[in-house]
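# Commentary on secondary and tertiary structure
Single-letter residue listing:
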Amino acid sequence: MDMFSIIAQDKIRRAMENGEFDNLPGIGKPLKLDDHSHIPEELRMAYSLLKNANMIEEYDALRQELMTIDQLIDASQDDADRDRLKQEKSEKQLRLDALLKKRRTMASPASAYYKERVLERFKKKEEK
């Protein structure tokens, strides 16, 4: 164990002895854990970051709404209704495109440089 782990364990032990954890909100209730078993292990951290930034849900929701609107357009008999749905589809497609464009900025050369540096650090830690 390194020095920081020993210090942390000591502080946690003292806090428990002093009763600092006794009246925390949610005590005795199960934790809400995210199931990431369907995601490859090397992508789980990136997925968690995107999910915490609410980018996963928004993207999935927009894709689902676009598919639903396409189905409604195909089933529609009224021209006015079809035009309204096409306008709504256009607006949602613009939002989806903007979201995807925001994601692509992470693929810029500067982002790629920092990504490589982060990966190198992870590799160095794994080697130790």
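Structure shown above.
Residues numbered from 1 in each chain as written. Predicted model: local features only at pLDDT ≥ 70, side-chain atom pairs only at ≥ 80, totals over all residues. Heavy atoms only, no water.

Counting its secondary structure elements, the protein contains five helices and zero strands. For the protein, the α and β elements follow one another from N to C terminus as α-α-α-α-α. Relative to its full complement of 128 residues, the protein shows a buried share of 11%. Contacts spanning at least 24 positions in sequence make up 39% of the contacts within the protein whose residues lie at least 6 apart. Accessible surface computed for the protein: about 11400 Å², of which carbon and sulfur atoms make up 56%. (Helix = DSSP H or I, 4+ residues; strand = E, 2+ residues; numbered from the N terminus. Buried < 20%, exposed > 50% of the residue type's maximum accessible area, 1.4 Å probe, protein only. Contact = heavy atoms within 4.5 Å. Areas by Shrake-Rupley, 256 points an atom, 1.4 Å probe, with all protein chains shown as cover.)

What follows concerns the pattern of salt bridges. Overall, the coordinates contain eight salt bridges when judged by the stated rule. For Lys89, the salt bridge goes to Asp70, with nearest N and O atoms at 2.7 Å. Of this pair, Lys89 sits in helix H4 (residues 79–104) while Asp70 sits in helix H3 (residues 55–75), and the two are 19 residues apart along the sequence. Here Lys89 falls in the partly exposed class, since its relative accessible area comes to 28%. The exposure class assigned to Asp70 is partly exposed, which follows from its relative accessible area of 29%. Close ionic contact of Asp79 with Arg82 constitutes a salt bridge, the shortest N to O distance being 3.3 Å. Of this pair, Asp79 and Arg82 both sit in helix H4, three residues apart, which is roughly one turn of that helix. (Salt bridge = Lys/Arg side-chain N within 4 Å of Asp/Glu carboxyl O.)

Tracing the backbone shows Leu66 in helix H3. A relative accessible area of 7% places Leu66 in the buried class. Here the alpha-carbon distance between Leu66 and Gln93, two residues 27 residues apart in the chain, equals 7.4 Å. Once residues lying within four places of it in the same chain are set aside, the contact partners of Leu66 are Lys89, Lys92, Gln93 and Leu96.

The next thing to look at is a nonpolar patch on the surface. Residues Ile12, Met16, Phe21 and Leu24 make up a contiguous nonpolar surface patch of about 370 Å² in total accessible area. Structurally, the position occupied by Ile12 is in helix H1 (residues 3–17). Residue class for Ile12 comes out partly exposed when judged on its relative accessible area of 40%. (Patch = residues over 30% accessible without salt bridge, like charges linked within 9 Å, V, L, I, M, F, W, Y side chains within 5 Å.)

Everything listed here is a matter of coordinates, which is why it stays silent on function.
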